[in-house]
Amino acid sequence: MLRLEKRPQPSRGWTYGAPVLAVFLTIVLGMGLFALLGKDPLVAIRTIFWDPIFGPFAHFYRPEIIKKAAPLVLIAVGLSFGFRAGIWNIGAEGQYIIGAICGAAVALAFYPMDARWLIFPLMIAAGVLGGFLWAMIPALLRVRFNTNEILVSLMLVYVADVLIKAFSIGVLRNPEGFGMPGSRNLRQYPSAANLDLIPNSGLHWGSLVALFAVIFAYILFTRHHFGFQVRLAGQSPRAARFAGINANRLVILCLGISGALAGVAGMFQVAGPSGQILGSFPSFYGFTAIIVAFLGRLHPVGILCAGLIMALTYIGGQAAEAQLNLPAAAILTFQGMLLFCLLAVDVLTNYRFRLGQGEAR
Amino acid sequence: MKRRTLLATGAGAALAAAMGMPASAQDKTKVGFIYVGPINDGGWTQHHHHSAMEMVEHFGDAVEFVYQESVPEGPDAERAITQMALGGADIIFTTSFGFMDPTVNVAANFPNVKFEHATGYKQADNVSVYSARFYEGRAIQGTLAGRMTTTNKVGYIASVPIPEVIRGINAAYIHAKKVNPDIEFKIIWIFEWLNPAKEADAAKALIEQGCDVVLQHTDSTAPHQAAREAGGVYTFGQAADMAEFAPMPRISSIIDNWAPYYIDRVQAVMDGTWSSVSTWDGISTGMVGIGEVSDVVPAEWKAEAEAMRDAIAAGTYHPFTGPINKQDGSPWLAEGETASDGDLASMFFYVEGVEGEIPS
């Protein structure tokens, strides 16, 4: 008989092997799904995973992957601090939206002034601050009243969602937009636009900042005392208390960092790829980033890889929808399977299979 | 900025050229559709898809049809449209207002591909815009509502505060008032186009406030269900005929019918006669269909509604004919004057007599 036995220690090999196996399993299950839908499974998988990188239109898709991955990586790196310390910010989506609103509001306040040196840095600052402050709500409530940061941060997503809808038909509405919802397009405002620094490269300021965040987080985790505190608090809260780590300070720092990074990601998105404050601006990056963070094992480099893979499934998935007329729901299911497989395979990190009966207790 | 745009455009064109675009070498005309919702949403997207399928049936093997559903507005839309253009589409229809900027941006990179954007206002050499004069149907609904109500209270489930929805409210109100001077409109905004739960709640709230006619600018049948349960309440089909709720509570409907336009435009691409146009059609071309007025409406009023439909179709009657004042009492249209399309397109005020404020 097959049974599960808890490992004395999490397996190091499986810690890194699990995500790879999960991706592989997802592909196999996905092929089954696509075959059931009457599509050639090999063609579908090739369209999703191969064509965007090496196919005939790769020069169009590659920068798109980078642009899609940038906010995911940026948000996920921020989340990894809290997740390592056992502080659960589920509301990055809300912080992302508020960062976008703040960044765009600064730009629109200066419109049509021509002063990129002033406006763009101010927008970045506003994005950071907006996300940070939005995250401070669950942080302070937890520190002061011991509320549950999971619930508070999640609920604030819905508040942010309502706010951006209100702003898009209210104060930020484009006065030359014939009464339609939506702000001016920031991409058409040179002082505020976050365009590709090298045309068609996908490298805008947001992508670069995402890379910096990865490097910065790596150094912080491996070389800095703060990284140690975060790890210790996550692995053994009791030991952390004995070591004199201030738990409240950690809550504020972790939520603050993730909020700030999510906020600035929103600002780069609204000034670049999205361009407008619009009711449809929120596109679940903040939630998808949670999957990215775990797929990347909460490790900065892992998150970078996971962000790119997740972006690839979006870009390739959308291509498959169009080229093979796959229903949109099939692609969503496929992406959902990725997290599901990861959770399933993760069992192997902490448990191992044993044949035969367990010893009698 | 300028240089960058130029480079981007150049790259796009080069890229298109390298790919052997467009697909004019093929015999088939490749027609693409980008939808904002799922093709079975029961409302807006479903009707565009139905009309597209009618177009495909009409042309048979002469067209190759591709579509993508549930495309989020914003950068994903831009990629989806580009993808379709790269895939060799000759003409691409983007059927949501939020696809406006993405459509125009992509169109600049693919000068040989034709683009048709629904409900927008930005045209280019290879971008046409098209929309329907749904307010014509609202005038007929308003007339019926004014006649049928016994409480003199008409409920209106409004979706998103944009000119189209406001035009609808105004057109309905003006005509209800015309046949029933005591009429009062109660408006609930739900800020969505399709949300059965919210629509049902709004309908119930309106009915509780004494409304016995409920108009909707939202796409689901939930308000009809609520009206049926309440009893003695009249409704109108929206986007679809919603005939399954006839003869009660649904007493008529506004039907979206894009098929003639789609056939026309694809034909123009085939003939090489396509040019950028701005189309705003109504009852006369069939883009706005008026569903059968059911028999619970007394014959005399049914005839009145049908006469109005025919007059609008013939062009002898315009639903916005003066004298009409704005909500604040300031004059808008003088006696006998009709509204200009420009005024209608950007309408962002209630007419005199409508209570409440437009949310902003």
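As the structure is a computational prediction, the values presented were derived from the model and not from experiment. (Residues numbered from 1 in each chain as written. Chains lettered and ligands numbered in written order. Predicted model: local features only at pLDDT ≥ 70, side-chain atom pairs only at ≥ 80, totals over all residues.)

Q: Explain the overall build of chain A to me, please; I cannot follow it from the model alone.
A: Summing up its helical and strand segments, chain A has 14 helices and 2 strands in all. In terms of overall dimensions, chain A is globule-like: its C-alpha atoms have a radius of gyration of 22 Å, near the 21 Å expected for 361 residues. Overall, the C-alpha framework of chain A stretches about 75 × 60 × 35 Å when taken along its three principal axes. Residues counted as buried form 50% of the 361 residues belonging to chain A. In chain A, the share of contacts with a sequence separation of at least 24, taken over all contacts with a separation of at least 6, comes to 79%. (Helix = DSSP H or I, 4+ residues; strand = E, 2+ residues; numbered from the N terminus. Rg over C-alpha atoms; globule rule 2.2 N^0.38 Å. Buried ≥ 20, exposed ≤ 12 C-beta atoms within 10 Å, placed from the backbone. Contact = placed C-beta atoms within 7 Å.)

Q: How should I be thinking about the overall build of chain B in this particular structure?
A: If you tally the helices and strands in chain B, you get 11 helices and 14 strands. In terms of C-alpha radius of gyration, chain B reaches 22 Å, essentially the compact-globule figure of 21 Å for 360 residues. For chain B, the spread of C-alpha atoms along the three principal axes comes to 70 × 45 × 40 Å. The burial tally for chain B puts 51% of its 360 residues in the buried class.

Q: Is there a simple way to think about the interface of chain B and chain A in this case?
A: Where interface size is quoted, it is often the accessible area lost as the parts come together. Each partner contributes residues to the interface: chain B has 37 residues there, and chain A has 30 residues. Elements represented by at least two residues in the side of chain B that touches chain A include exactly α1 (2-18), β2 (63-68) and α3 (75-86) of chain B. The biggest single contributor to the side of chain B that touches chain A is α3 of chain B, with 8 residues. Here the residues of the side of chain B that touches chain A sort into 22 nonpolar, 9 polar and 6 charged. (Nonpolar A, V, L, I, M, F, W, Y, C, P; charged D, E, K, R; others polar.)

Q: What is the right way to look at the packing of helix α5 (residues 134-148) of chain B against helix α10 (residues 299-314) of chain B in this model?
A: Relative placement of two packed helices is described by the angle separating their axes and the distance separating the axes. All names here are of chain B. In the contact formed by α5 and α10, the axes pass within 10 Å of each other and the chain directions differ by 165°. When the axis of α5 is compared with that of α10, the two are roughly antiparallel. Taken as a pair, α5 and α10 cross one another with a handedness that is right-handed. For the pair α5 and α10, the contacting residues are E136, A139, I140, T143, L144 and R147 in the first and W301, E304, A305, M308, R309 and I312 in the second. A breakdown of the residues in the contact of α5 with α10 according to their chemical character gives 7 nonpolar, 1 polar and 4 charged. (Axes fitted to C-alpha atoms, helices over the stretch in contact; angles between N-to-C directions. Parallel < 35°, antiparallel > 145°, perpendicular 65-115°, else oblique. Left-handed = near helix turned anticlockwise from the far one by under 90°.)

Q: Looking at this structure, I do not really get the nonpolar core. What am I missing?
A: Note that soluble globular proteins tend to have their nonpolar side chains buried in a common cluster. Counting 211 residues, the largest nonpolar core has V73, L74 and I75 of chain A as its most contacted members. If one sorts the elements of this core by residue count, helix α3 (residues 58-85) of chain A sits on top with 16 residues. Each of domain 1 (2-132) and domain 2 (135-255 + 289-345) of chain B accounts for three or more of the residues forming this core. Apart from residues no more than four positions distant in its own chain, I75 of chain A is found in contact with A92, Y96, L261, A262, A265, Y285, G286 and A289 of chain A. (Core = buried A, V, L, I, M, F, W, Y, C linked by C-beta atoms within 7 Å. Domains from an automatic or database assignment.)

Q: Would you take a moment to explain the environment of F83 of chain A for this structure?
A: Residue and element names in this part refer to chain A. Tracing the backbone through its elements, the reader meets F83 in helix α3. Residue classification places F83 among the buried residues on the basis of 20 C-beta atoms within 10 Å. In the structure, F83 is positioned 80 residues away from L163 in sequence and 27 Å away in space, judged by C-alpha atoms. If we skip the residues at most four places from it in the chain, F83 touches W88, A293 and L298.

Q: Could you clarify how one ought to interpret the pairing of strand β1 (residues 2-6) of chain A in this entry?
A: On any regular strand, side chains alternate: one points to one face of the sheet, the next to the other face. All names here are of chain A. Counting buried positions over the 5 residues of β1 gives 0, only a small fraction of the element. Two strands pair when backbone bridges link them, and β1 and strand β2 (residues 351-355) are joined in this way by 5 bridges, in the antiparallel orientation. By the bridge assignment for β2, R3 is matched with R354. (Pairing = 2+ DSSP bridges.)

Q: Where do I start with the pairing of strand β7 (residues 184-189) of chain B in this structure?
A: All names here are of chain B. With 6 bridges connecting them, strand β6 (residues 153-158) and β7 associate as parallel partners. When the bridges of β7 are listed, V154 appears paired with F185. With helix α6 (residues 163-179) bridging β6 and the parallel β7, this β-α-β connection has right-handed handedness. (Right-handed = clockwise from strand over helix to strand, strands pointing away.)

Q: What is the right way to look at the sheet that holds strand β11 (residues 278-281) of chain B in this model?
A: The strands that make up a sheet pair up through hydrogen bonds in the backbone, lying either parallel or antiparallel. All names here are of chain B. Sheet architecture is open: 6 strands sit in the order β2-β1-β3-β4-β5-β11, paired in parallel fashion. If you trace the sheet from one side to the other, it starts and ends with β2 and β11, each paired once. The sheet shows a mean angle of 15° between the axes of neighbouring strands, direction not considered. Two strands pair when backbone bridges link them, and strand β3 (residues 91-94) and strand β4 (residues 114-118) are joined in this way by 4 bridges, in the parallel orientation. Residue I92 lies in a different strand from β4, and its bridge partner there is F115.

Q: Just checking my understanding: could you explain the domain arrangement of chain B for this structure?
A: Residues and elements named next belong to chain B. Domain parsing of chain B yields domain 1 (2-132) and domain 2 (135-255 + 289-345). For domain 1 and domain 2, the distance between their C-alpha centroids amounts to 33 Å. Taken together, the contacts link 6 residues of domain 1 with 7 residues of domain 2. Of the residues contributing to the side of domain 1 that touches domain 2, the split by class is 2 nonpolar, 3 polar and 1 charged.

Q: Mind showing me how you'd approach the sheet that holds strand β10 (residues 250-256) of chain B here?
A: Residues and elements named next belong to chain B. Strand order in the open sheet formed by 6 strands is β7-β6-β8-β9-β10-β12, and the pairing between neighbours is mixed. What marks the edges here is a single partner per strand, and that holds for β7 and β12 (288-291). Taken pair by pair, the neighbouring strands of this sheet meet at an average axis angle of 15°, ignoring direction. Pairing geometry for strand β9 (residues 234-239) and β10, over 5 bridges, is parallel. Each bridged residue has a counterpart across the sheet, and for T235 the counterpart in β10 is R250. In the packing of α5 onto the sheet, the strands contacted are β6, β8 (213-216), β9, β10 and β12, and the crossing angle to β10 comes to about 175°.

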